[in-house]
Amino acid sequence: MINSLTRSTYWGARTLLTWLVAAIAYVACTMAVPGFSTIGNLYALMQIFATLALVSAGLAIVMIAGEFDLSIAATYPLAGLVTVQYADELGLPVSIALGVGLALVIGLINGIATGAVRIASLAVTVATMMLGIGLGYLVTGNNVVTMADYRPGLQLTEPILGALSLQTILQLGLVAVLILIVKRAWWGRFLYAIGSDGNRARSSGLPVSWSVIVAFLVSAGFAGIGGALEGVALATGQPGPNNAYLLQAATAVLVGGVALTGGRGSLVGAVGGALLLAILNNGLSLAGVASATIQLVNGAVLIAVVICDRPLRRLVQRGSDRLVIRDYETTSAVTAAEAIHSDRGNT
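(A) Representation of the packing of aromatic side chains. Per the counting criterion, the structure on display carries three aromatic pairs. Between Y76 and Y245, the aromatic rings sit 4.6 Å apart at their centres with planes inclined by 10°, giving stacked as the arrangement. Highlighted residues: Y76 in helix α3 (residues 72-90) and Y245 in helix α11 (residues 243-255), separated in sequence by 169 residues. Comparing Y76 with Y245 shows no difference in burial state: the two are buried.

Written out as structure tokens, the structure reads:
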């Protein structure tokens, strides 16, 4: 009982702490960076946050299941490349479906190889990452591609209520739906059980293979949707891996409290980690800080979280132990009082 309470309290505290730090970072940037809180910059911040939250939520699902998806570095740019490459020829809806479909195929390969064949996810996703990068070069002929009609991108990114756009609404809407599914559906509970102990989950009869396949499909699909929408918004694409975005998504998930070993954490925390990184990146960029320095700051944030992880865990454990002991003492006192009252009644 104590261990269960400690674990749940700790990971709940990690999620709360992530959002608290994000709020502090927002206030600090508002005070230190001129123009940070303007409606125009809030719009730019939401554009960064929505895409990062979408990709991070997909990666968090895989990590909760105890796996990892390196192929995001390829599926994200590949979907955008395919969308931009064929938008003028096939039409935007078909090109988006084709780009996201290719990402889903890569996710299906990851899921089957990892969940059914039981190959290590790092090995599988490295291979599919290389496959996706190669497809990108093949589709574009190693050239930068552009869309002749850039009006869909303008419509997709047109400000709504000042700080939002159709792109951010779609992406954050998908994240919200995924959070509800994980919280309400049995599939979410299966993921946590698989991440905690995959062998025990299999021996208990849980659909491990199916759950892992769906997790990789969600990860690839969200990366594909994010990349396709980004391609439409920019009306251009360039072949090659997007390692920086993979690292940002992984940092957001880890900062948000999802355990690298699986079975712990929440999507809400991962979204909070994405918000924190978006605030830092936007604020530092607006202040004129070099992109290399911004990457160093992101790395420093992750290192700080890793360093503070164990002290925070001990602090929460002590508080939980005290709470359980106090509850036990109260229950014992009530039981003793009831026993005394019962004895007096019998006499």
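On we go from here.
(B) Spatial organisation of helix α7 (residues 166-184). Over its 19 residues, α7 runs 27 Å from end to end, which matches the ideal 27 Å to within 8%, given 1.5 Å per residue. Among the residues of α7, Q167, T168, Q171, V175, L178, I179 and V182 are the ones counted as buried. End-on, the buried residues of α7 take up no more than an arc of 100°, which puts them together on one face. Opposite the buried face of α7, by more than 90 degrees, sit the exposed residues L180 and R184. On its buried side, α7 packs onto α2 (39-64), α6 (151-156), β3 (164-165), α8 (186-196), α10 (208-234) and α12 (267-286).

(C) Broad picture of a nonpolar patch on the surface. A cluster of nonpolar residues, I160, L161, L166, I169 and L170, forms a patch on the protein surface that exposes about 460 Å² of accessible area. Among the elements that line the nonpolar patch, the one with the most residues is α7, at three residues. Within the secondary structure layout, I169 lies in helix α7. Owing to a relative accessible area of 40%, I169 belongs among the partly exposed residues under this scheme.

(D) A look at the side chain of T83. Here T83 shows up in helix α3. With a relative accessible area of 0%, T83 lands in the buried category. Setting aside anything within four residues of it in sequence, one finds T83 in contact with L92, S95, I96, G99, A228 and V232.

(E) Here's a closer look at the environment of V258. Here V258 is to be found in the loop between α11 and α12. Taking the C-alpha atoms as reference, V258 lies 7.4 Å from G269; in sequence the two are eleven residues apart.

(F) Fine view of empty space enclosed by the protein. Under the criterion given, the structure shown has one cavity of 30 Å³ or more. Its volume calculated, the largest cavity comes out at about 30 Å³. If you trace the largest cavity, you find it lined by A74, P77, L78, L81, G132, I133, G136 and G240. Elements supplying a minimum of two residues to the lining of the largest cavity: α3 and α5 (121-140). In terms of residue count, α3 provides more of the lining of the largest cavity than any other element does, four residues in total.

Calculation rules
- Residue indices follow the written sequence of each chain, beginning from 1 at its first position.
- Totals for whole chains, interfaces and linings use every residue, but because this is a predicted model, local features are given only for residues with pLDDT of at least 70 and side-chain atom pairs only at 80 or more, for both listing and counting.
- No hydrogens and no water enter the side-chain calculation; it runs on all heavy atoms of the structure.
- Stacked, tilted and edge-to-face are the three classes applied to pairs of Phe, Tyr and Trp rings, where Trp contributes its six-membered ring and a pair requires centres within 6.5 Å; stacked means planes under 30 degrees apart, edge-to-face means over 60, and tilted covers the rest.
- We count a stretch as a helix when DSSP gives it H or I for four or more residues in a row; a strand needs E for two or more, and each element gets its number in order from the N terminus.
- Buried means the residue's accessible area, taken with a 1.4 Å probe over protein chains only, is under 20% of the maximum for its type, while exposed means over 50%, and partly exposed covers the values in between.
- Expected span, for any helix, means 1.5 Å times one less than how many residues it has.
- Starting at the helix axis, one direction is taken to each C-beta atom, and the arc is that of these directions.
- When checking whether two residues touch, look at their non-hydrogen atoms; a contact exists if any pair is within 4.5 Å.
- What makes a patch is a set of residues exposed beyond 30% relative accessible area and free of salt bridges, joined within 9 Å when like-charged and within 5 Å when nonpolar (Val, Leu, Ile, Met, Phe, Trp, Tyr).
- For every accessible area listed, the method is Shrake-Rupley and the probe measures 1.4 Å; residues are considered covered only by the protein chains on display.
- Here, a salt bridge means any Lys or Arg side-chain nitrogen found within 4 Å of an Asp or Glu carboxyl oxygen.
- Using only the protein atoms, space was sampled on a 1 Å grid; points where a 1.4 Å probe fits but cannot get out form cavities, open sets with protein on both sides within 12 Å along at least five of seven lines form pockets, and lining residues are those with an atom within 4 Å of a point.
- Grid points are joined across faces, edges and corners, and a volume is the space filled by probe spheres set on the points.

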